[in-house]
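One-letter residues, chain by chain:
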Amino acid sequence: MKDLIKFLTRYEKFVFIIMIVVPWLSAPFLGKKTFKRFTPGALFICIFVLIESLVAHKRLWWLFHKKLIPKVFGELPLILGPFFIGTLWIMKFTFGNFKRYFLTNFCIDAFFVYIHVPILKKLGYASLIRLSKFNFLVIFLIKAILLYLFQILFEKKKIMR
């Protein structure tokens, strides 16, 4: 683990860029129709997460110790890469079946909170400060519901045109 931490620290900026780029390599497999259909929702939730990050930083819910660009959110590589593209993939395979959508989000979010966040902490990338893992998971699930509602309303409005 110490060797991995040394490597990641040494090539930190490269790792952040990889974190953004690798998920985008799967984007062509989404299909043009899926990409166009769900991008507004993915953009909406990414903007929401950026605003949430402002609140989180002020209230010290969590802290990102390392950043791709100084004075820019440390969450940015996660938001621009796996979160955005992951949102599109989840919507592609689950939208229209809320139970499947919610269960999928629950599993992915629980994995992130209970497995990935401790790894990020060990690597010195980020840590929860005033927020429990359970509360962090609840916040993720609320965002999932918000995204689903946004997509329903977006598509309803599109049909009415």
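See above for the structure.
The structure reproduced in this document is the subject of the present report. Not measured: the values here are computed from a predicted model. (Residues numbered from 1 in each chain as written. Predicted model: local features only at pLDDT ≥ 70, side-chain atom pairs only at ≥ 80, totals over all residues. Heavy atoms only, no water.)

1. A short note on unusual backbone geometry
- Of note, the phi angle at Leu60 is positive, near 55°, even though the residue is not glycine.
- With respect to the secondary-structure elements, Leu60 resides in the loop between helix H3 (32-58) and strand S1 (62-64). (Helix = DSSP H or I, 4+ residues; strand = E, 2+ residues; numbered from the N terminus.)

2. A closer look at the packing of helix H4 (residues 76-94) against helix H5 (residues 98-122)
- Where H4 meets H5, the axes come as close as 9 Å, and the angle between the chain directions of the two elements is 150°. One way to sum up the angle between H4 and H5 is to call them roughly antiparallel. Seen from above, H4 lies across H5 with right-handed handedness. Facing Leu78, Ile90, Met91, Phe93 and Thr94 of H4, the residues of H5 in contact are Arg100, Tyr101, Thr104, Asn105, Ile108 and Phe112. (Axes fitted to C-alpha atoms, helices over the stretch in contact; angles between N-to-C directions. Parallel < 35°, antiparallel > 145°, perpendicular 65-115°, else oblique. Left-handed = near helix turned anticlockwise from the far one by under 90°. Contact = heavy atoms within 4.5 Å.)

3. Some remarks on the layout of surface pockets
- Here the largest pocket is characterised by a volume of approximately 740 Å³.
- Lining the largest pocket are 33 residues, with Leu78, Phe83, Asp109, Phe112 and Phe140 positioned closest to its centre.
- Mapped by element, the contributors of at least two residues to the lining of the largest pocket are H3, S1, H4, H5, strand S2 (126-128) and helix H6 (133-160).
- Top contributing element to the lining of the largest pocket by residue count: H5, with nine residues. (1 Å grid on protein atoms, 1.4 Å probe; cavity = no way out; pocket = protein on both sides within 12 Å on 5 of 7 lines; lining within 4 Å. Points joined across faces, edges and corners; volume = space filled by probe spheres on them.)

4. Comments concerning helix H2 (residues 12-24)
- When the terminal C-alpha atoms of H2 are compared, their 19 Å separation across 13 residues agrees well with the 18 Å that a helix rising 1.5 Å per residue should span.
- Regarding H2, the residues found buried are Glu12, Phe16, Met19, Ile20 and Pro23. (Expected span 1.5 Å × (residues − 1). Buried < 20%, exposed > 50% of the residue type's maximum accessible area, 1.4 Å probe, protein only.)

5. What about the packing of H3 against H4?
- At their nearest, the axes of H3 and H4 sit 9 Å apart, and the two run at 140° to each other. Judged by the angle between their axes, H3 and H4 are oblique. Our pair here, H3 against H4, has a crossing hand that is right-handed. Touching Thr34, Phe35, Phe38, Thr39, Ala42, Leu43, Ile45, Cys46, Val49 and Leu50 of H3 are Leu76, Ile79, Phe83, Phe84, Thr87, Leu88, Met91 and Lys92, all from H4.
- Classifying every residue of the contact of H3 with H4 by side-chain character gives 14 nonpolar, three polar and one charged. (Nonpolar A, V, L, I, M, F, W, Y, C, P; charged D, E, K, R; others polar.)

6. A look at the packing of aromatic side chains
- Within this structure, the stated rule accounts for 19 aromatic pairs.
- Seen from their ring centres, Phe44 and Phe150 are 4.3 Å apart, and the 5° between their planes marks the pair as stacked. With a gap of 106 residues between them, Phe44 in helix H3 and Phe150 in helix H6 connect regions that are remote in the sequence.
- Exposure remark for Phe150: the relative accessible area of 24% places this residue in the partly exposed category.
- Relative to Trp62, the ring of Trp61 has its centre 6.2 Å away and its plane inclined at 55°; by these criteria the two rings are tilted.
- Ring pairing ties together the aromatic residues Phe38, Phe95, Phe98, Tyr101, Phe102 and Tyr148, which thus form one cluster. (Phe/Tyr/Trp six-rings, centres within 6.5 Å; stacked < 30°, edge-to-face > 60°.)

7. Concerning the pattern of salt bridges
- Applying the stated criterion to the full structure yields two salt bridges.
- With a closest N to O distance of 2.8 Å, Lys143 and Glu52 form a salt bridge. Highlighted residues: Lys143 in helix H6 and Glu52 in helix H3, separated in sequence by 91 residues. (Salt bridge = Lys/Arg side-chain N within 4 Å of Asp/Glu carboxyl O.)

8. Digging into H5
- Its 25 residues give H5 an end-to-end C-alpha distance of 35 Å, which sits within 8% of 36 Å, the value for a rise of 1.5 Å per residue.
- In H5, a bend of some 40° at His116 exceeds every other bend along the element, and Pro118, a proline, comes one to four places later.
- Listed as buried for H5 are Tyr101, Asn105, Asp109, Ala110, Val113, Val117 and Leu120.
- Of the residues one or two after H5, Gly124 is the one with positive phi, at around 75°. (Bend = angle between axes of the 7 residues up to and from the residue.)

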